[in-house]
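Observations on the three-dimensional arrangement
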Amino acid sequence: MKFAFVLLWWTTSAGAFKWNCLSGPNYSLDHWSDDNGGPICVVENVTLEDLQSSKELDGSTPSSVLLDNILAAPEDLWKTEYFNSVNHLFITNTNTSRILVPPTLKKLTLFSTNYDQFVLEPNVEYQLEKISLYDMQLEEFPKDMHLLRKLNLITGHRVALKTLDMSSLSGITNLKIIKVPEGNISSVRLSGSVNLPSLTNLELPNNKLGEVPDGMHKLSALEVIDLSQNRITFLEMSCFNGLEHLQKLDLSYNPLTRISSLATVKLPNLETLSFMACHLDQLDVLHWELSTMKVLNVGGNNLHQIENLQGRFREGLELHVGINNWDCQWLEENKIGLLYKGGEQQDRFGRCDFRIEGICCRESEMKVELGELLETEVRQLKNENFALNANLLKLQKKVDEVGETIKKVLTEIEDLKKS
């Protein structure tokens, strides 16, 4: 289902209907609540005839309205003058496909609806600041989102969106946050020019991304990137270069098999970096220039060590290390200047042979391999010695038997001489 804009002129018509106002979030959808703590007014099962027959407005127009199972055509419903002062509009369980956006509306929440068109007027200064989408069969964002110039937040939960085309949002200069968790996004398109100078947060956890999008540097204002719980298997760390304001980068719970840095990684304001539970068995930070990093989380992997870590980051770095397979010698050599965190658990194989600074570890792999080799050789020598001893016993037995035979022969010879 594509989500497109239809441009129509905004008009008003005389008509009224009664509001069913609630004093709190007592409606069946408990999470609907007015941001300002005011009453929520519910409109249910409204038809065009209801609007035409309603003559008077019962009470003042509310700031928050929840529309449930609306049967009237949206262009008829939204044109009533009573929506001109509504700030927050909730719409749920509605099968109509078009929504006419009131110019004064500040927040729009859609829950389990079939809308696939926004109806916008040209040359209208819309006040809409926030769009929230829940359980929507929405395949792409509208292509003319730049008409919503004051929009600063887009959130979506369980939305069918597969491709996030950032060019469709280009020009919304106030947009700060895009947050779409628990979805089906498999790609983020950053082709061409992308003008989002205020975008600080790109949060797409628990989607279906197989790689980090190309062209991330175009989102130069980003401070937070959350791509956790996706399907990313390979990461070239330098792809984030150019994001000079980036403070938090979360790639945890991705099946990463390799992290590369073909070019020097320069993120001058990065403070928190997470690769928790990413299936990593090696990590080399030789080409990382992250002078402000405070927290590095590599817990839940299969790491023996982090190559070239010593002296690479600021003193006092919190290194979250729990549930790995650390080399004791490496932990000992690198503990100066680091704060080990989360290492109270056993390693990923359920062992805790030794502890360095409270962190479970095992002896150096080289020492273990040498010890195992020596043990094998000793065992082999013992086996060879046992076999040699057995052969010697057999030979000794044969020698003894020959000796007994010789004694008998000599006795017989002596007896013959006497006779």
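For the structure, see preceding data.
Residues numbered from 1 in each chain as written. Predicted model: local features only at pLDDT ≥ 70, side-chain atom pairs only at ≥ 80, totals over all residues. Heavy atoms only, no water.

A cluster of nonpolar side chains, Val 402, Ile 406, Val 409, Leu 410 and Ile 413, forms an exposed patch at the surface whose accessible area comes to about 420 Å². Mapped onto the elements of the fold, Val 402 is located in helix H4 (residues 365–418). (Patch = residues over 30% accessible without salt bridge, like charges linked within 9 Å, V, L, I, M, F, W, Y side chains within 5 Å. Areas by Shrake-Rupley, 256 points an atom, 1.4 Å probe, with all protein chains shown as cover. Salt bridge = Lys/Arg side-chain N within 4 Å of Asp/Glu carboxyl O. Helix = DSSP H or I, 4+ residues; strand = E, 2+ residues; numbered from the N terminus.)

We now examine the pairing of strand E10 (residues 153–157). Across the five residues that make up E10, a large majority, four, are buried. As paired strands, strand E9 (residues 130–134) and E10 are joined by five bridges and run parallel to one another. Within the sheet, the bridge partner assigned to Tyr 134 lies in E10 and is His 157. In this sheet, strand E12 (residues 177–179) lies alongside E10 in parallel orientation, the contact comprising three bridges. Of the residues in E12, the one forming a bridge with Thr 155 is Lys 179. (Buried < 20%, exposed > 50% of the residue type's maximum accessible area, 1.4 Å probe, protein only. Pairing = 2+ DSSP bridges.)

We now examine the environment of His 157. Looking at the element boundaries, His 157 is found in strand E10. Judged by its relative accessible area of 21%, His 157 is partly exposed. The sequence separation of His 157 and Gly 183 amounts to 26 residues, and the corresponding C-alpha distance is 6.6 Å. Non-local contacts of His 157, meaning those with residues more than four positions away in its chain, are made with Leu 133, Tyr 134, Asp 135, Pro 181 and Glu 182. (Contact = heavy atoms within 4.5 Å.)

Attention now moves to the packing of aromatic side chains. In this structure the tally under the stated criterion is four aromatic pairs. Geometrically, the ring pair formed by Trp 326 and Trp 330 is stacked, given 5.3 Å between the ring centres and 10 degrees between the ring planes. By relative accessible area, which is 6% here, Trp 330 ends up buried. (Phe/Tyr/Trp six-rings, centres within 6.5 Å; stacked < 30°, edge-to-face > 60°.)

Let us now look at the state of the cysteines. Counted according to the given criterion, the structure contains one disulfide. Each sulfur in the disulfide pair Cys 328 and Cys 361 lies 2.0 Å from the other. Taking the sign of the torsion about the S-S bond as the criterion, the disulfide between Cys 328 and Cys 361, at about 100 degrees, is right-handed. Of the two residues, Cys 328 sits in helix H3 (residues 328–334) while Cys 361 sits in strand E26 (residues 359–361), which places them 33 residues apart along the sequence. You'll find Cys 328 and Cys 361 in the same group, each marked buried. (Disulfide = S-S within 2.5 Å.)

This part covers unusual backbone geometry. Unusually for a residue other than glycine, Ser 112 sits at a positive phi of about 50 degrees. Structurally, Ser 112 can be placed in the loop between strand E7 (107–111) and strand E8 (117–120). The backbone of Asn 308 shows a phi angle near 60 degrees, a positive value even though the residue is not glycine. Exposure remark for Asn 308: the relative accessible area of 37% places this residue in the partly exposed category.

This paragraph deals with the nonpolar core. Nonpolar side chains tend to gather and get buried jointly when the protein is soluble and globular. In this structure, Met 166, Phe 275, Trp 288 and Ile 306 are the most contacted members of the largest nonpolar core, which totals 90 residues. A per-element tally of this core places H3 first, with three residues. Residues contacting Ile 306, with those up to four places away along its chain left out, are Leu 283, Val 285, Leu 296, Val 298, Leu 319, Trp 326 and Trp 330. (Core = buried A, V, L, I, M, F, W, Y, C linked by side-chain atoms within 4.5 Å.)

In this section: the side chain of Glu 236. Summarising the element assignment, Glu 236 is placed in strand E16 (residues 234–236). Comment: no salt bridge for buried Glu 236; closest opposite-charge side chain is Arg 258, at 6.7 Å. A polar atom in the side chain of Glu 236 sits 2.6 Å from the side chain of Ser 238. (Lys, Arg positive; Asp, Glu negative; His and termini not counted. Polar contact = N/O pair within 3.5 Å; in protein donor to acceptor, adjacent residues only side chain to side chain.)

Let us look at the environment of Asn 123. Inspection of the secondary structure assignment puts Asn 123 in the loop between E8 and E9. Each C-alpha atom of the pair Asn 123 and Leu 147 lies 8.7 Å from the other, and the pair is 24 residues apart in sequence.

In this structure the tally under the stated criterion is six salt bridges. Notably, a salt bridge pairs Asp 135 with Arg 158, separated by 2.7 Å at the nearest N-O pair. On the criterion of sequence distance, the pair formed by Asp 135 in the loop between E9 and E10 and Arg 158 in the loop between E10 and strand E11 (163–165) is long-range, its members being 23 residues apart. In this structure Asp 135 comes out as partly exposed when scored by relative accessible area, which is 29%. Taking relative accessible area as the criterion, Arg 158 reaches 38% and is therefore assigned partly exposed. Across the pair Glu 332 and Lys 335 runs a salt bridge whose closest N-O atoms are separated by 2.9 Å. We classify Lys 335 as partly exposed; its relative accessible area is 26%. In this structure, a network of salt bridges that share partners links the residues Asp 135, Arg 158 and Glu 182.

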